[in-house]
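Residues per chain, in single letters:
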Amino acid sequence: MYSISNFKLLVDNQAEIDTIHQNCDHLIQTTVTPKMDAEVNTLLDAINKKLTEQGFTITVTSTGLIAKYSEAVINVDKHSKDLEECFFINLNNFAEDQVSIVLDVSDIMMPKISNNLDGYSEMIEQMTDTLKYAKSLEKACTSPKFIYKTQNNIIFHSAEEVVNYYFQ
């Protein structure tokens, strides 16, 4: 059995999701990207300052920086992904790690869309998850905040925390 009311719910929710994604695309260009660029610069400046204080000679590159001390080299290299700036930190080939600056997207709560169980139920559940994520992304893009996350899922909330973790 398929109900028309659930079919209409699917159509309406898809239209809402499409509208939210268009708004998010605009917010990413106008709000998120400039703040992400500033956050990248804050991190690189903090690393540069810390390593300079510790006697390293710094060379700024188009994707990060190279710090040299005697025969030792620390390479910080940035790679961009969608809503994420990923830094590979290589410490003279002795150790390598990865830390990413990511948009902090927190889940929002949403009520269940429909209680009518029919052939559309599974699709409605998937649509609800998609709508929930779209609304969470829109909220995050409206007032962007960033977190730093290592490949081992260690979370930092500032560039200073990252610098102190890697270069104490």
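Above this text is the structure in question.
Read on for a plain summary of the structure. Keep in mind that what you see is a predicted model, and the values were worked out from it rather than measured. (Residues numbered from 1 in each chain as written. Predicted model: local features only at pLDDT ≥ 70, side-chain atom pairs only at ≥ 80, totals over all residues. Heavy atoms only, no water.)

Let's talk about the overall build of the protein
Alright, step 1. When its secondary structure is counted, the protein shows three helices and seven strands.
Alright, step 2. Sequence-ordered secondary structure for the protein, helices as α and strands as β, is α-β-β-β-β-β-α-β-β-α.
Alright, step 3. For 168 residues, the compact-globule estimate of 2.2 N^0.38 gives 15 Å, and the C-alpha radius of gyration of the protein, at 22 Å, exceeds that figure by more than 25%.
Alright, step 4. Viewed in the frame of its principal axes, the protein has a C-alpha envelope of about 75 × 30 × 20 Å.
Alright, step 5. Across the protein, the centroid of the 13 positively charged side chains sits 4 Å from that of the 24 negatively charged ones. (Helix = DSSP H or I, 4+ residues; strand = E, 2+ residues; numbered from the N terminus. Rg over C-alpha atoms; globule rule 2.2 N^0.38 Å. Lys, Arg positive; Asp, Glu negative; His and termini not counted. Charge placed at Lys NZ, Arg CZ, Asp CG, Glu CD.)

Digging into the packing of aromatic side chains
Alright, step 1. According to the stated counting rule, one finds four aromatic pairs in the structure shown.
Alright, step 2. Between the aromatic rings of Tyr-166 and Phe-167, the centroid separation amounts to 6.2 Å while the plane-to-plane angle is 50 degrees, which identifies the pairing as tilted. Residue Tyr-166 shares its accessibility class with Phe-167, and that shared class is buried. (Phe/Tyr/Trp six-rings, centres within 6.5 Å; stacked < 30°, edge-to-face > 60°. Buried < 20%, exposed > 50% of the residue type's maximum accessible area, 1.4 Å probe, protein only.)

Considering a nonpolar patch on the surface
Alright, step 1. Where nonpolar side chains cluster on the molecular surface, the patch consists of Ile-4, Phe-7 and Val-11 and spans about 290 Å² of accessible area.
Alright, step 2. With respect to the secondary-structure elements, Phe-7 resides in helix 1 (residues 4-53).
Alright, step 3. We classify Phe-7 as partly exposed; its relative accessible area is 40%. (Patch = residues over 30% accessible without salt bridge, like charges linked within 9 Å, V, L, I, M, F, W, Y side chains within 5 Å. Areas by Shrake-Rupley, 256 points an atom, 1.4 Å probe, with all protein chains shown as cover. Salt bridge = Lys/Arg side-chain N within 4 Å of Asp/Glu carboxyl O.)

Quick look at the sheet that holds strand 1 (residues 57-61)
Alright, step 1. Read across the open sheet, the seven strands follow the order 1-2-3-4-5-6-7; overall the sheet is antiparallel. Each edge of the open sheet carries a strand with a single partner, namely strand 1 and strand 7 (155-156).
Alright, step 2. Here strand 4 (residues 84-91) pairs with strand 5 (residues 95-103) via eight bridges, running antiparallel. Residue pairing for strand 5: Asn-90 is matched across the bridge by Glu-96.
Alright, step 3. Packed onto the sheet, helix 3 (residues 159-166) meets strand 4, strand 5, strand 6 (146-150) and strand 7 and runs at close to 170 degrees relative to strand 5. (Pairing = 2+ DSSP bridges. Contact = heavy atoms within 4.5 Å. Axes fitted to C-alpha atoms, helices over the stretch in contact; angles between N-to-C directions.)

A few points about helix 1
Alright, step 1. Spanning 50 residues, helix 1 covers 68 Å between terminal C-alpha atoms, matching the ideal 74 Å at 1.5 Å per step.
Alright, step 2. At Ile-28, helix 1 shows its maximal kink, close to 50 degrees.
Alright, step 3. Immediately beyond the C-terminal end of helix 1, within one or two residues, lies Gly-55, with a positive phi of roughly 90 degrees. (Expected span 1.5 Å × (residues − 1). Bend = angle between axes of the 7 residues up to and from the residue.)

What about the pairing of strand 6?
Alright, step 1. By the criterion of burial, strand 6 is predominantly enclosed, with four of the five residues buried.
Alright, step 2. Bridging between strand 5 and strand 6 involves five bridges; their strand directions are antiparallel. What sits directly across from Ile-101, in strand 6, is Tyr-148.
Alright, step 3. Bridge analysis of strand 6 against strand 7 gives two bridges, and the strand direction is antiparallel. Counterpart to Lys-149 in the pairing with strand 7 is Ile-155.
Alright, step 4. Where strand 6 hands over to strand 7, the hairpin turn is made up of four residues, of which Asn-153 adopts a positive phi near 65 degrees.

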